[in-house]
Amino acid sequence: MVRLPFRDTYYDLRPTKIIALAKNYAEHAKEMESDVPEKPIIFLKPPSALIGPGEPIILPRMSKRVDHEVELAVIIGKRAKRVPAEKAMDHVLGYTILLDITARDLQAEAREKGLPWSLSKGFDTFAPVGPRVVDRRELDISNLEIGLKVNGELRQLGCTSQMVFTVPEIIEYVSSVMTLEPGDIIATGTPAGVGPLRHGDKVEAWIEGIGKVEFDVLSEGSILC
Ligand code: MG
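So, how was this worked out
- Residues numbered from 1 in each chain as written.
- Predicted model: local features only at pLDDT ≥ 70, side-chain atom pairs only at ≥ 80, totals over all residues.
- Heavy atoms only, no water.
- Helix = DSSP H or I, 4+ residues; strand = E, 2+ residues; numbered from the N terminus.
- Rg over C-alpha atoms; globule rule 2.2 N^0.38 Å.
- Buried < 20%, exposed > 50% of the residue type's maximum accessible area, 1.4 Å probe, protein only.
- Areas by Shrake-Rupley, 256 points an atom, 1.4 Å probe, with all protein chains shown as cover.
- Pairing = 2+ DSSP bridges.
- Donors = N, O, S within 2.8 Å, 3.2 Å for Na, K, Ca; no water.
- Contact = heavy atoms within 4.5 Å.

Go over the overall build of the protein chain, please, and point to the residues and values.
When you go through the protein chain residue by residue, the secondary structure sums to five helices and 17 strands. Here the C-alpha radius of gyration of the protein chain, 16 Å, is about what a compact globule of 225 residues would show, namely 17 Å. Counting only C-alpha atoms and orienting by the principal axes, one finds that the protein chain spans roughly 45 × 40 × 30 Å. Residue burial in the protein chain is summarised as follows: out of 225 residues, 54% are buried. Summed over its atoms, the accessible surface of the protein chain is roughly 10600 Å², and 50% of this surface lies on carbon and sulfur atoms.

Now, about the sheet that holds strand β10 (residues 102-103): what can you tell me, with residues and values included?
To summarise the sheet geometry, strands pair through backbone hydrogen bonds and adopt either a parallel or an antiparallel arrangement. Pairing within the open sheet is antiparallel, and its three strands lie in the order β10-β7-β15. Edge positions in the sheet fall to β10 and β15 (195-196), since each of these pairs with one other strand and no more.

Describe the coordination of the magnesium ion, with residues and values.
Angles between donor atoms at a metal ideally measure 109.5 degrees for a four-coordinate tetrahedral arrangement and either 90 or 180 degrees for a six-coordinate octahedral one. Surrounding the magnesium ion are the protein donor atoms Glu 69 (OE), Glu 71 (OE) and Asp 100 (OD), which sit 2.0 to 2.1 Å from the metal. A residue is classified by how much of its surface remains accessible, and Glu 69, at 4% relative accessible area, is buried.

Describe unusual backbone geometry, naming the residues involved and giving the relevant values.
Cis geometry is adopted by the peptide bond preceding Pro 131, which originates at Gly 130 and carries an omega value of 0°. When you line up the elements, Pro 131 lands in strand β11 (residues 127-135). Backbone geometry places Glu 33, a non-glycine residue, at a positive phi of 55°. Position of Glu 33 relative to the elements: it lies in the loop between α1 (26-31) and β4 (41-45). In the Ramachandran plot, Thr 125 falls in the positive-phi region, its phi being about 75° despite a non-glycine side chain. Relative to the assigned elements, Thr 125 resides in the loop between α4 (118-121) and β11.

I'd like to hear about the pairing of strand β9 (residues 92-99), residue by residue, with values.
A large share of β9 lies buried, amounting to eight of its eight residues. Looking at chain direction, strand β8 (residues 70-76) and β9 are connected through seven bridges and run antiparallel. The residue bridging Ile 76 from the neighbouring strand is Val 92, located in β9.

Please provide a residue-by-residue account of the environment of Ala 205, values included.
Tracing the backbone shows Ala 205 in strand β16 (residues 202-207). For the pair formed by Ala 205 and Gly 52, sequence separation is 153 residues and the distance between their alpha carbons is 13 Å. Once you skip the residues sitting within four places of it in the chain, Ala 205 turns out to touch Val 70, Ile 97, Leu 99, Gly 147, Leu 148, Gly 211, Lys 212 and Val 213.

Dropping the structure here:
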């Protein structure tokens, strides 16, 4: 469970699932040598991957290449089952930033063999969130700057207007497959510029209107207990 500031109090993030979009920004699809999808491509990250501000991203021994992906995260406020796009926003509580941390080498191997992505997307600490939850009614998400720096160097910079599928379209699609419960998180895809993380890195991610969040990166081998 991760606790984030929300309104005048706190919100405890306890999702039953984290749904993530693949290739929802055309420029990122291009850098992955993929076509822009005709329908949303979704996968799941386990809630056990969540960490909050102050906790480190851990690079697992099993991977030699772990990448950052900064994403706008939608938090569901009201159960959503087969909700049309026009009504989708009524089911949103608010927004935060989620880093869809990815073991790129394990993902490449899975892509090549036609295997699922769960391994490459599912390690503990692979879903850092923060710095706060912003009320849906306080933020128009249609055209927000989204970016990420590593050790002060700009790596990712985009705009939420570049999304292939909008948040209402995504909610309509996902809720036609699986019921979205309050607290569930949808990570809406990453802009171009994904790249590797190394032990000792400091990651800084921001979305206009939500704020900035920082995480340290440590390798699993460096942790004594
Ligand atoms: Mg992603």
